[in-house]
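One letter stands for each residue in the lines below.
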Amino acid sequence: MAKYERPEYTVLLSEEPFELREYRDFFIVEYDNAADPDVDSGFGTLFRYISKDNQADRKISMTVPVIQELSDDRTKMAFVVPKAEWEDIPQPNSPSLTVKKFDSGLFAVIQYGGYSNDRKERDMLEKLAQWVQEKKYQPTSNYMLASFNAPFVPPMFRHNEIMVRVGTDQQDSD
């Protein structure tokens, strides 16, 4: 099985299934379309982008994870740009896609397996939110769903994560 490139990070704290990670900067191509708030066309649009539907007419290597930013009004979906492309990231042809820098920072993460669905995602998000509160971290972004597997991967081999950017409240402790 091929190992896909993923963003670089350092694990600062691990309490299974939770981790506190420090991510380094990386780039994404983000699908954001107000007419498609549930990102029904997001993956297909991103897949076409890496399959040469970009201004450079260049194929781009697949990476993991595919990241969905969860918010009340609409969801955004993003593809992680491989490091080899960072100096010359092809501009998207689709007006729904934008190249963005994903800034370095601290992220609280919960990992889980199997197929992901709305109920499981809600449950994991609640568990992560509780852990974040117990550790006295402050969420500073929307929660994000990170999917690592192609649809045909059997449930026992699937890996998913929910993550949120956090700040620490160290200065306020006695």
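Before going into details, it helps to say that this report is about the structure given with it. Predicted model, so just to flag it, every value in this text is computed and none were measured. (Residues numbered from 1 in each chain as written. Predicted model: local features only at pLDDT ≥ 70, side-chain atom pairs only at ≥ 80, totals over all residues. Heavy atoms only, no water.)

**Let's talk about the pattern of salt bridges**
Should their charged atoms come close, side chains of opposite charge can pair.
Move 1: The final tally for this structure, using the stated rule, is 13 salt bridges.
Move 2: We note a salt bridge from K127 to D123, for which the minimum N-O separation is 3.5 Å. Within this pair, K127 and its partner D123 are both found in helix α2 (residues 118–134), separated by four residues, close to a single helical turn.
Move 3: One salt-bridge network, held together by shared partners, links E8, R24 and K83. (Salt bridge = Lys/Arg side-chain N within 4 Å of Asp/Glu carboxyl O. Helix = DSSP H or I, 4+ residues; strand = E, 2+ residues; numbered from the N terminus.)

**Looking at the layout of surface pockets**
Move 1: Considering only enclosed or pocket space, the largest pocket measures out at about 1200 Å³ in volume.
Move 2: Contributing to the lining of the largest pocket are 42 residues, with S147, F148, N149, A150 and R158 lying nearest its centre.
Move 3: With four residues, α2 is the largest single contributor of residues to the lining of the largest pocket.
Move 4: Of the residues belonging to the lining of the largest pocket, the class tally is 23 nonpolar, 11 polar and eight charged. (1 Å grid on protein atoms, 1.4 Å probe; cavity = no way out; pocket = protein on both sides within 12 Å on 5 of 7 lines; lining within 4 Å. Points joined across faces, edges and corners; volume = space filled by probe spheres on them. Nonpolar A, V, L, I, M, F, W, Y, C, P; charged D, E, K, R; others polar.)

**Description of the side chain of R158**
Move 1: Position of R158 among the secondary structure elements: in the loop between β9 (144–147) and β10 (159–168).
Move 2: No salt bridge forms around the buried R158; measuring N to O, its nearest opposite-charge neighbour E121 is 9.2 Å away.
Move 3: Here the side chain of R158 touches A150 through a polar contact of 2.9 Å, landing on its backbone oxygen.
Move 4: At a separation of 3.1 Å, a polar atom in the side chain of R158 contacts the main-chain carbonyl oxygen of V153.
Move 5: Contacts of R158, omitting those with residues within four sequence positions, involve Y112, G113, G114, Y115, N149, A150, P151 and V153. (Buried < 20%, exposed > 50% of the residue type's maximum accessible area, 1.4 Å probe, protein only. Lys, Arg positive; Asp, Glu negative; His and termini not counted. Polar contact = N/O pair within 3.5 Å; in protein donor to acceptor, adjacent residues only side chain to side chain. Contact = heavy atoms within 4.5 Å.)

**A word on the side chain of E30**
Move 1: You can see E30 is positioned in strand β3 (residues 26–31).
Move 2: Within the structure, E30 has its side chain in polar contact with the side chain of K100 (distance 2.6 Å).
Move 3: Discounting chain neighbours no more than four positions away, the residues touching E30 are E69, K76, M77, A78, S96, L97, T98 and K100.

Scope: geometric values only; no functional claims are made or implied.
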